[in-house]
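So you can see what is in the structure, the chains are spelled out below.
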Amino acid sequence: MQVLKFGGSSVASAENINKVVNIILNRPGPDKTIVVLSAFGGITDLLLEAAQLAAGNDETFKTILRQIEQRHLDAVKELLPVMQQSSASGLTKKLCNEIEDLCNGIFLLGELSERTKDKIVSYGELLASQIIAAKLKSASLPAEWKDSRELIITNSNFGAAVVDFSATNKNCQQYFLPAPADLFVLPGFLSSDVTGNTTTLGRGGSDYTAAIFAAALDATVLEIWTDVSGMMTADPRIVSNFKLIPKISYQEAMELSHFGAKVIYPPTIQPVMSKNIPVWIKNTFAPQDEGTLIQNETMKNGSPIRGISSISKISLISLEGSGMAGIPGFSKRLFEALANKKINVILITQSSSEHSICVALETIHAAKAKLTVDETFAYEIETKKVEPLMVENDLSIVAVVGDNMKSHTGIAGKMFNALGKNGINIRAIAQGSSERNISAVISVTDVIKAVNVLHEEFFETTYKQVHLFIAGLGNVGGKLIAQLNQQLDYLKQQMRLNIKVVGMANSKKALIIDEGIDLNNWAALIKDGQPMLIEKYIDLILSKNLRNTVFADVTASDIVAGTYNKLLQKSIAVVACNKVACSSPYNYYRELKDSAREYNARFMFETNVGAGLPIISALNDLISSGDKINKIEAVLSGTLNFVFNNYNGKKSFASVVKQAQDEGYTEPDPRLDLSGKDVMRKIMILAREAGEKIEMDDISNNSFMPESCMQGTVENFYAEMEKQESHFKSIYEKAAAAGNKLKFVASYTAAGDAKKAFVGLQQIDPGHDFYHLYGKDNVVLFYTNRYPEQPLVVKGAGAGADVTASGVFADIIRAAKM
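Residues numbered from 1 in each chain as written. Predicted model: local features only at pLDDT ≥ 70, side-chain atom pairs only at ≥ 80, totals over all residues. Heavy atoms only, no water.

(A) Representation of the overall build of the chain within the structure. Secondary structure summary: the chain contains 28 helices and 30 strands in total. Its C-alpha atoms give the chain a radius of gyration of 36 Å, clearly above 28 Å, the size a compact globule of 818 residues would have. Counting only C-alpha atoms, the chain reaches 120 × 70 × 55 Å along its principal axes. Counting over 818 residues, the chain shows a buried share of 53%. Long-range contacts, defined as pairs at least 24 residues apart, comprise 72% of the intrachain contacts of the chain with a sequence gap of at least 6. Taking the 83 positively charged and 89 negatively charged side chains of the chain as two groups, their mean positions are separated by 2 Å. (Helix = DSSP H or I, 4+ residues; strand = E, 2+ residues; numbered from the N terminus. Rg over C-alpha atoms; globule rule 2.2 N^0.38 Å. Buried < 20%, exposed > 50% of the residue type's maximum accessible area, 1.4 Å probe, protein only. Contact = heavy atoms within 4.5 Å. Lys, Arg positive; Asp, Glu negative; His and termini not counted. Charge placed at Lys NZ, Arg CZ, Asp CG, Glu CD.)

Written out as structure tokens, the structure is:
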């Protein structure tokens, strides 16, 4: 004996039903076959909707009933030869008339009981199974139709009836074993109580029906035919890189189905497990696919985890109070109160102090649970021994499942570490004594991210998926995108990083594509982007809630810099080329550093000083290894170094500055460079990273720029510099006469003067380290306890879009590898 069950999607249309017929026709072996059928896809919901409308005295229920009838009559016409349609059509109309009579009664009463509801929904399976039985007969497959209600006996718990296996097994054996037919067709989901009233086995109960028949008859195999090719390591609707589970144990399948895996109805496993009957999950639309075998044996798959599943629409109820500690009976009364109201408990956790008990249940039962528990503990609440029941909604449960988890250390740590890195807060945790399941209650808004994070952690050894959002698409931003595009394959193959740019924005427009932006065509795509303020772009990043997210700020915007804390507090890594945040008031700088540490998110800003030079990382390495910074001397403006290396009094100072701007070495407003303010920011950032609590007012600036040059627009700035050419020429000639060069120098001293940091234009003699500094180069000298006289020197190109972009790129990689 073999049992085949076909779900609603498998029989949703005439085309699909023909596929089902072919599968039955090609079934292997001479064994008798039982075919269990669900209602046509969507029909059960329509029947419930019609009944509920009728109960609400809404006559539109008749429209739905006509739709149901027409769909089944159309199926008869498409499936059966003309000469055989009359009988099937007549039976269909008869059953549909019965449905209408029931709904008319509901309409008159204005009431829909659970008993009547079971009666109404039963017609979906009755109609489908009768039509498909007729189709099989027309295809020379003489099938005997049998009403499951005559075989499966239950109690009168309408909607989720409990099977009387003793009576049911006896009925099945008495009917099937002596029957001469080789092929039987039965409606799934349906049963009856001892008085003959129609009951149902719960939504999805057709799987259970098939398992009941298989167990009663000691079938050789049970096949569940659905619309997927077996059980997967995670829900394919959530995880794109899911994998097929070729073999799974009964216990693992039960755990996964209990925690949301939709392929199989949870109670299905128990009857066949007791008889050790193998269960195949197969795909009606790809019957050649191997599918998943559910059996008693636990298989090794290279991972202790078999699969990941989730349930949404969960609420967490908490009973807390100092009067609970050490007093027996609280748990018993809590669970009795829930059981009396037929409220199913999904997950339980209790603190070791016995001060609180948390229970997860379906949200639809949360209000009823609060009423009954508060009533049960009314005296204790009144006397302040316990608090009124607390209810938290909008939660989900995510679970990792696997027989091989038992005695395998580190699974829980790996799970919680992966969730924590991505800012997913865990509200409650439970693990069974079998060690087959670890479950966590999380926010419903985090469930997609959580399942993807865990799947990547346990199943995706090939690469790590990183979601990158970029703000700023100017000169540096464009170079960054070009470098990313060039290196994507290398990163994937050599570093196992799959960096997907899913968002980019400039000051006017934003573009977000979940599948990833085509970096070969980004400039054209951004033109068609959505007009959007940068604040809205940040809000969209937060709402996307993607795993392994990195935000790269390649702007000079104080508005963008002001959003970093929001991002870090969602465990989104921030890579900042923008110097505004780290040169803001110290408290904000410290807040960002603390948030990065608290929420396990990287805050990277290497390019704040020296473009792509490893200045900040070198400084951090010195401090991390126990060294102490005593003094820093530096030339930190590639712009000013370029200007003074190229100005010799023959061309105007203004024209040299304009050349620096045209070649991309200056800030958008060159006055930030020439005023020394940008250098002040940089030396302050280095001092802060060295441990100094320092503000901009603590830095002395010996500016060489006339005040008149700093007024008005950028155009006014250039015009005024031309007028002040004699001033700049005089400064140059004095230095040249002494055989010196001009360098804009920054210095910081860890001890001594109240003003610990200075910036200003200085004459540099030929014996100084700064003298042979050419082009746009930067140089930093770190004097430390380990480098007291001969400093640690970092030197190289300190300006330019390419090198700055490469520094941002390197920070992105470091953040992604965390």
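(B) Region of the structure containing the pattern of salt bridges. Scanning the entire structure with this criterion turns up 28 salt bridges. Residue Lys-117 pairs with Glu-114 through a salt bridge whose shortest N-O separation is 3.4 Å. With Lys-117 and Glu-114 both in helix α5 (residues 114-138), this residue pair falls three residues apart, about one helical turn. Its relative accessible area of 22% is what places Lys-117 among the partly exposed residues. Through salt bridges that share partners, Lys-579, Asp-678 and Lys-682 make up one connected network. (Salt bridge = Lys/Arg side-chain N within 4 Å of Asp/Glu carboxyl O.)

(C) Spatial organisation of the sheet that holds strand β11 (residues 292-295). Strand order in the open sheet formed by eight strands is β3-β5-β2-β1-β8-β10-β11-β9, with mixed pairing between adjacent strands. The open sheet terminates on both sides in strands that have one partner only, identified here as β3 (144-145) and β9 (247-249). Here helix α1 (residues 14-25) sits on the sheet and contacts β1 (2-6), β2 (33-37), β5 (183-187) and β8 (221-226); the angle it forms with β1, its principal contact strand, is near 170 degrees. (Pairing = 2+ DSSP bridges. Axes fitted to C-alpha atoms, helices over the stretch in contact; angles between N-to-C directions.)

(D) Geometry of the packing of aromatic side chains. Overall, the coordinates contain 21 aromatic pairs when judged by the stated rule. Directly above the ring of Phe-330 sits Arg-333, whose terminal nitrogen or CZ lies 6.0 Å from the centroid. Taking NZ or CZ as reference, Lys-741 lies 4.6 Å from the ring centre of Tyr-771, over its face. (Phe/Tyr/Trp six-rings, centres within 6.5 Å; stacked < 30°, edge-to-face > 60°. Lys NZ or Arg CZ within 6 Å of the ring centre and 35° of its normal.)

(E) Molecular detail of the sheet that holds strand β27 (residues 741-749). Across the sheet, which stays open at both edges, the six strands sit in the order β26-β28-β27-β25-β29-β30 with mixed pairing between neighbours. What marks the edges here is a single partner per strand, and that holds for β26 (699-702) and β30 (792-797). Sheet twist, expressed as the average angle between the axes of neighbouring strands with direction ignored, equals 20 degrees. Across the sheet, helix α22 (residues 638-646) is in contact with β25 (629-635), β27, β28 (757-764) and β29 (777-784); its angle to β27 comes to roughly 155 degrees.

(F) Geometry of the packing of helix α3 (residues 61-79) against helix α4 (residues 82-109). Two numbers describe how α3 lies on α4: the axes approach to 10 Å, and their chain directions differ by 165 degrees. In terms of axis orientation, α3 runs roughly antiparallel to α4. In terms of crossing hand, the pair formed by α3 and α4 is right-handed. On α4, the residues that touch Phe-61, Lys-62, Leu-65, Glu-69, His-72, Leu-73, Val-76 and Lys-77 of α3 are Gln-85, Ala-88, Ser-89, Thr-92, Lys-93, Cys-96, Ile-99, Glu-100, Cys-103, Asn-104 and Phe-107. Here the contact of α3 with α4 is composed, by residue class, of nine nonpolar, five polar and five charged. (Parallel < 35°, antiparallel > 145°, perpendicular 65-115°, else oblique. Left-handed = near helix turned anticlockwise from the far one by under 90°. Nonpolar A, V, L, I, M, F, W, Y, C, P; charged D, E, K, R; others polar.)

(G) Looking closely at helix α17 (residues 534-544). Of the positions making up α17, those classed as buried are Ile-534, Tyr-537, Ile-538, Ile-541 and Leu-542. All buried residues of α17 project into a common sector of 140 degrees when viewed along the axis, lining one side. Summarising the contacts, the buried residues of α17 are in contact with β18 (464-471), β19 (497-505), β20 (509-512), β22 (549-553), α18 (558-561) and α19 (564-568). Of the residues flanking the end of α17, it is Asn-545, one or two places downstream, whose phi is positive at about 55 degrees. (Arc of directions from axis to C-beta.)

(H) Structural detail: the nonpolar core. Within the largest apolar cluster, 84 residues are counted, with the highest numbers of intra-cluster contacts made by Tyr-537, Phe-551, Tyr-564, Phe-704 and Met-721. With seven residues, the top contributor of residues to this core is helix α25 (residues 677-689). Counting residues in each nonpolar core, the second largest holds 53 residues, with Leu-47, Ile-106, Leu-136 and Val-185 among its members. (Core = buried A, V, L, I, M, F, W, Y, C linked by side-chain atoms within 4.5 Å.)

(I) Expanded view of the environment of Ala-805. Note on placement: Ala-805 falls in helix α28 (residues 801-816). Spatially, the C-alpha atom of Ala-805 lies 26 Å from that of Asp-594, the residues being 211 residues apart in sequence. Apart from the residues lying within four places of it in its own chain, the contact partners of Ala-805 are Val-476, Lys-479, Leu-480 and Gln-483.

(J) Spatial organisation of the side chain of Asp-118. Residue placement: Asp-118 occurs in helix α5. For the buried Asp-118, no salt bridge is present, and the opposite-charge side chain at shortest range is Lys-117, 7.7 Å distant. Within the local environment of Asp-118, its side chain forms a polar contact with the backbone nitrogen of Gly-159, the two atoms lying 2.9 Å apart. In this structure Asp-118 touches Phe-158, Gly-159, Thr-198, Thr-199 and Thr-200, once residues within four positions along its chain are discounted. (Polar contact = N/O pair within 3.5 Å; in protein donor to acceptor, adjacent residues only side chain to side chain.)

(K) Focus on unusual backbone geometry. If you check the backbone angles, Asn-57 has positive phi at about 60 degrees while not being a glycine. With phi around 55 degrees, Asn-600 is a residue other than glycine that occupies positive phi space. Among the secondary structure elements, Asn-600 is positioned in the loop between α20 (586-598) and β24 (603-604). You can call Asn-600 partly exposed: its relative accessible area is 28%.

(L) Just the environment of Ala-325, in detail. Turning to its location among the elements, Ala-325 is positioned in the loop between β12 (307-320) and α10 (330-340). Considered as a pair, Ala-325 and Lys-370 are 45 residues apart in the sequence and their alpha carbons are 21 Å apart.

(M) How the structure looks around the packing of helix α6 (residues 165-176) against helix α7 (residues 205-216). Orientation of α6 relative to α7, taken along the N-to-C sense of each, is 70 degrees, at an axis distance of 9 Å. By the angle class used here, α6 and α7 are roughly perpendicular. Along the contact surface, α6 presents Phe-165, Thr-168, Asn-169, Cys-172, Gln-173 and Phe-176, while α7 presents Tyr-208, Ile-212, Phe-213 and Ala-216. Its residues assigned to classes, the contact of α6 with α7 shows seven nonpolar, three polar and no charged.

Remember, this is a structural readout, not a statement about activity or role.
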